[in-house]
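Chain residues, written in single-letter form:
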Amino acid sequence: FRIRSFLTTKPETEKHTVWEKRCLYGWLRKKIKYARNDLRLTQKQLATRLGNSRETLTNYETDTRFPPIDTLIRIASEQHLTVEYLLNLPGENLT
């Protein structure tokens, strides 16, 4: 699975740099928010579809928290996108 391999490409002793995390989180939060707005959904509506609270979705959209992989997959599915697109990885943009 490419996402898991991307998130774990470094040995356990070597963590991702702050810059790498900020780039990844920055792309993700923007793409989640833009796609939600394109679908004309509120945070509450998308959070309900995902089975999360609005506060949790707010954390994903503001770089406060990174969604677990299963949630990331659900976010992509609800927004008709691929996980690769959300994480800015090479691959298809739309499902």
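Please refer to the structure placed before this passage.
None of these values were measured; they are calculated from a predicted model.

Enquirer: Hey, could you go over helix α5 (residues 69–78) for me, with residue numbers and the actual values?
Expert: Side chains of residues three or four places apart in an α-helix project in the same direction, reflecting 3.6 residues per turn. Buried within α5 are the following residues: Ile 69, Thr 71, Leu 72, Ile 75 and Ala 76. Along α5, the residues classed as buried sweep out an arc of 155° about the axis, all on the same side.

Enquirer: Can you tell me about the packing of helix α3 (residues 43–50) against α5, naming the residues and giving the values?
Expert: Between two packed helices, both the angle of their axes relative to each other and the distance between the axes serve to describe the pair. At a minimum axis separation of 10 Å, α3 and α5 run at an interaxial angle of 120°. If you check the angle between α3 and α5, you find them oblique. Crossing hand, α3 versus α5: right-handed. Contacts from Leu 46, Arg 49 and Leu 50 in α3 reach Arg 74, Ile 75 and Glu 78 in α5. The class makeup of the residues in the contact of α3 with α5 is 3 nonpolar, no polar and 3 charged.

Enquirer: Explain the packing of aromatic side chains to me, using residue names and the numbers behind them.
Expert: This model, assessed by the stated rule, comprises 0 aromatic pairs. Looking at Lys 31, its charged tip hangs above the ring of Tyr 85, at a distance of 4.2 Å from the centre.

So, how was this worked out
Residues numbered from 1 in each chain as written. Predicted model: local features only at pLDDT ≥ 70, side-chain atom pairs only at ≥ 80, totals over all residues. Heavy atoms only, no water. Buried < 20%, exposed > 50% of the residue type's maximum accessible area, 1.4 Å probe, protein only. Helix = DSSP H or I, 4+ residues; strand = E, 2+ residues; numbered from the N terminus. Arc of directions from axis to C-beta. Axes fitted to C-alpha atoms, helices over the stretch in contact; angles between N-to-C directions. Parallel < 35°, antiparallel > 145°, perpendicular 65-115°, else oblique. Left-handed = near helix turned anticlockwise from the far one by under 90°. Contact = heavy atoms within 4.5 Å. Nonpolar A, V, L, I, M, F, W, Y, C, P; charged D, E, K, R; others polar. Phe/Tyr/Trp six-rings, centres within 6.5 Å; stacked < 30°, edge-to-face > 60°. Lys NZ or Arg CZ within 6 Å of the ring centre and 35° of its normal.

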